[in-house]
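Structural description and commentary
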Amino acid sequence: MDPVIKAICILLLFFLTSSCKNNAQYQQSTGEKISATDSILNNLVSLANSYPDSARREIREYMDDPFFSKDSNLYYHLLKYYGGLVHSYGEIDSSNYYLLKALKYWEKQKTEKGQYTHSVVLNNLAFNYFTLGLIDSSLYYHNKAIEIATAGSYNDILISTLLSKSNLSRSSDKYGEAIESIEKAITVADIEKDSAGMISSLQAYADLYVDCGFYEEAEQQFREALKYKKHFTPYSKYAHFNSKGRMYYLQNEYEKAKNEFLNAYKQWDFIDLFSKLLISNNLAESYLYCSKIDSSRIYLNFLQSQLPVFKGIPDFEFNYYSLRGEYFEKKGDLKKAAVLFLKADSVGVSNSIDVVLNKLHTQRNAEHYIKINNFKKAYDEVQKYNQLNQNILKENNRKQISALKYRYQRDTTLIKQQETILLKDAEVRNLAERQKLIVIIVLLLLFITGGFIFWRRNSERKKREMLALKFTNDIAALRMESTRNRISPHFMFNVLNSIVKKKGSIEEVETSLKTFIGLLQSNLINIDSLGVPLSQELKFVKDFVALDNLRFNSDVEYIEEIAKGVNLEMLIPSMSIHILVENAIKHGLRPREGKKVLTISVKSDGRGTTIDVKDNGVGRKAKYKTHGAGVGSKVLNQFISIINQNNKEQIQMEYIDLIDDLGEAMGTIARLFVPNHINLNFLNHELSKNSNN
């Protein structure tokens, strides 16, 4: 779910309703009676929210009626509304045409009401150019709207424009400026006691934190917004629950995400068409991830009925075809799934698609190609998925660094301002009251010392936050190295080549292919995981040994010894047993002549679980004469080191050399001890923990 799409949907509702609401507020504040013109406009806006097609026809009839002079306020109000309405149908150029005509009229109206409407039109034009990707033009109209709204104290328009400008800054990766705009909006809302403006501002803050991956800070902003719960409109409720659902979705908590989206869905009768499209898309996707396929069909069918509406929005169209394809994939209709995935690919080739949507579609494509045994394309999609995932990690880190940099600069500026004020105050006091010189010097020193202590503590906190970001980068790098080491392209092609050349029955070939497919699926499922269940790792290792035997025409005997009481669902570091097994085969068993035996022993006690990987190979001394430490061992050691740094109980690794009575090598035992209470889910809380400290 693209955050930009969500922002567009929120702003579209503002497009259709803001002028009517603002007009009513203006009349209420000035005591002006509602005229027949105002009554017509209010009725048209109400109609637009529920029946946009009817509203469009009726506004067009008013505009074409010769009774309404083309230099009247009503006509140019209609132009403004019509420009907003056609935008909701994706007709951006037409929207600009009507809004620019309205702008020429309203910028000449120097009355307070005329300038108020002028600022509304400017804000809407700014949003139009933002939608078209014309950032400089959008920024120009935003700044003009802010200038007029500030001069006229049109605080509702000022808040709305500041929040719209924040979205513009986010789209340009200027997260510091985005935060600054939101904080200005919060300040205005607080001074004016504007509950609606405060709700929108806190909501924007939460969305920005979600976008940066600061989920605890986002939760805090959602809680702050709930303090104004009694002032929530139906649309405020929709925006709150939909954004909260998106936050849980990005954390892969799909059940929680689905429940929040259902709360947003309860506001169906009060939201505009684009918001309905967005919440239907979110619910369809959530139900698919929760394996509730039939429930997702309801929302997919609604999206299908609205295809003509969002045909002009590539992200919506792309994601719909991808989700529809996944639906048929899960239903077992692979032909329909293939057609829909190709439609999504076609939209993606012709347009710039959000990278998160692209990543999810690529994962679906890879799984589809595996099911239809097209392993070459599956491999290509996996490679593309890895690249997209790496780009997303880099982008998220860059967003976080940008936001943290702004915080640091802002805090440093405040400290400098405080120190400057203190110094000037000291000079004034020194000139005016020389008899109190000693007292003033003492006070000045106290103030400077306090400021220095505050600066020192603040700097240390910023350093901790930057270290937390470095830690996140290290984890991301290890994940990528883990992905490359679990199944290399060289291994995949050799196994496929061995299966093709294998002489045996069809059943044996089919069994080998199923084992290989299972290995690929396991790799895709656990590609982003720090920890995996013990049972999955053992299954992965067993399949790997079988395929390695096939690959080298080898006869390594694989034995598993699982003691009673072992919890096979406990989490262990991803790829830990696999690396030890691969090393045992490569360096211990493969050089050996005669019978080759690999034994995996697992047992548990009160402290944790011990996993032994034992081989009867040539031993470690023979290995290091020719090879030294492998890449896999280095990755595993770094992985365990990072995990141990974030846990009181430590994972332990040791190697035991087996020798006979004559001192000759009989093999090696690689022993891995995993404590019962090890935490492999510490990464999501690391940044917020350092920030709170």
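About the thresholds
- Residues numbered from 1 in each chain as written.
- Predicted model: local features only at pLDDT ≥ 70, side-chain atom pairs only at ≥ 80, totals over all residues.
- Heavy atoms only, no water.
- Helix = DSSP H or I, 4+ residues; strand = E, 2+ residues; numbered from the N terminus.
- Buried < 20%, exposed > 50% of the residue type's maximum accessible area, 1.4 Å probe, protein only.
- Contact = heavy atoms within 4.5 Å.
- Areas by Shrake-Rupley, 256 points an atom, 1.4 Å probe, with all protein chains shown as cover.
- Phe/Tyr/Trp six-rings, centres within 6.5 Å; stacked < 30°, edge-to-face > 60°.
- Lys NZ or Arg CZ within 6 Å of the ring centre and 35° of its normal.
- Expected span 1.5 Å × (residues − 1).
- Pairing = 2+ DSSP bridges.
- Axes fitted to C-alpha atoms, helices over the stretch in contact; angles between N-to-C directions.
- Left-handed = near helix turned anticlockwise from the far one by under 90°.
- Nonpolar A, V, L, I, M, F, W, Y, C, P; charged D, E, K, R; others polar.
- pLDDT = per-residue confidence, 0-100.

**Quick look at the overall build of the protein chain**
When helices and strands are counted, the protein chain shows 28 helices and 7 strands. A burial count over the protein chain gives 51% of its 693 residues as buried. A separation of at least 24 residues holds for 68% of the contacts in the protein chain among residues at least 6 apart in sequence. As displayed, the protein chain has an accessible area near 33800 Å², and 53% of this comes from carbon and sulfur atoms.

**Here's the deal with the packing of aromatic side chains**
In this structure the tally under the stated criterion is 21 aromatic pairs. Here the aromatic rings of Tyr82 and Tyr98 are separated by 5.0 Å at their centres, their planes lie at 85°, and the arrangement is edge-to-face. Taken together, the positions of Tyr82 in helix α4 (residues 73-87) and Tyr98 in helix α5 (residues 92-106) put the pair 16 residues apart, joining distant regions of the chain. When the centroid spacing of 5.5 Å and the interplanar angle of 5° are considered together, the rings of Tyr129 and Tyr141 count as stacked. Residue Tyr129 is located in helix α6 (residues 112-131), and its partner Tyr141 is located in helix α7 (residues 135-151); the two are separated by 12 residues in the primary sequence. An aromatic cluster is defined as three or more aromatic residues linked by ring pairs; in this entry it consists of Tyr265, Trp268, Tyr287, Tyr299 and Phe302. One residue, Lys80, lies across the ring of Tyr81, its end atom 4.8 Å from the ring centre.

**Section: unusual backbone geometry**
A positive phi angle is found at Lys193, which is not glycine, with a value near 55°. Looking at the element boundaries, Lys193 is found in the loop between α9 (175-191) and α10 (195-212). Of the residues examined, Lys193 reaches a relative accessible area of 67% and is grouped as exposed. With phi around 65°, Asn373 is a residue other than glycine that occupies positive phi space. Here Asn373 lies in the loop between α19 (355-371) and α20 (375-432).

**Focus on α9**
In this model α9 runs 24 Å from its N-terminal to its C-terminal C-alpha over 17 residues, within 8% of the 24 Å that 1.5 Å per residue would give. Lys193 occupies a position one or two residues after α9 and carries a positive phi of about 55°.

**Observations regarding the pairing of strand β7 (residues 665-675)**
The side chains of a regular strand alternate between both faces of the sheet. Burial analysis of β7 places 8 of its 11 residues in the buried class, which makes it a mostly covered element. Sheet topology places strand β5 (residues 608-615) next to β7; 8 bridges connect them, and they run antiparallel. In the sheet register, Asp615 faces β7, and the bridge partner there is Thr668. Where strand β6 (residues 652-659) lies against β7, 8 bridges are found, and the strand directions are antiparallel.

**Structural notes on the environment of Leu307**
On the secondary structure map, Leu307 appears in helix α16 (residues 307-310). Along the sequence, Leu307 and Leu277 sit 30 residues apart, while their C-alpha atoms lie 9.8 Å from each other. The residues touching Leu307, leaving out its near neighbours within four places in the chain, are Tyr320 and Tyr321.

**A look at the packing of helix α12 (residues 234-250) against helix α14 (residues 273-289)**
The contact between α12 and α14 brings their axes to 12 Å, and the two run at 35°. Crossing handedness for the pair α12 and α14: left-handed. Packed against α12, whose contacting residues are Tyr235, Tyr238, Asn242 and Tyr249, the element α14 presents Ser275, Leu278, Ile279, Asn282, Glu285 and Tyr289 at the interface. Class assignment for the residues of the contact of α12 with α14 results in 6 nonpolar, 3 polar and 1 charged.

**Comments concerning the sheet that holds strand β4 (residues 597-604)**
The mixed open sheet is built from 5 strands, whose spatial order is β2-β4-β5-β7-β6. The open sheet terminates on both sides in strands that have one partner only, identified here as β2 (557-562) and β6. The average angle at which neighbouring strand axes cross in this sheet is 15°, direction not considered. Pairing between β4 and β5: 7 bridges, direction antiparallel. Note that in β5 the partner of Val602 across the bridge is Ile611. Together, β2, β4 and β5 form the strand contacts of helix α24 (residues 534-552), whose direction differs from that of β2 by roughly 165°. Sheet contacts for helix α25 (residues 576-589): β4, β5, β6 and β7; angle to β5, the most-contacted strand, approximately 20°.

**Considerations on the confidence of the model for the protein chain**
This prediction gives the protein chain a mean pLDDT of 78; 75% of its residues lie at or above 70. Note on residues 1-34: pLDDT is under 50 here. Beyond four places in sequence and across chains, it has 85 contacts. pLDDT under 50 marks residues 686-693. Its contacts with residues more than four places away, or in other chains, come to 21 contacts.

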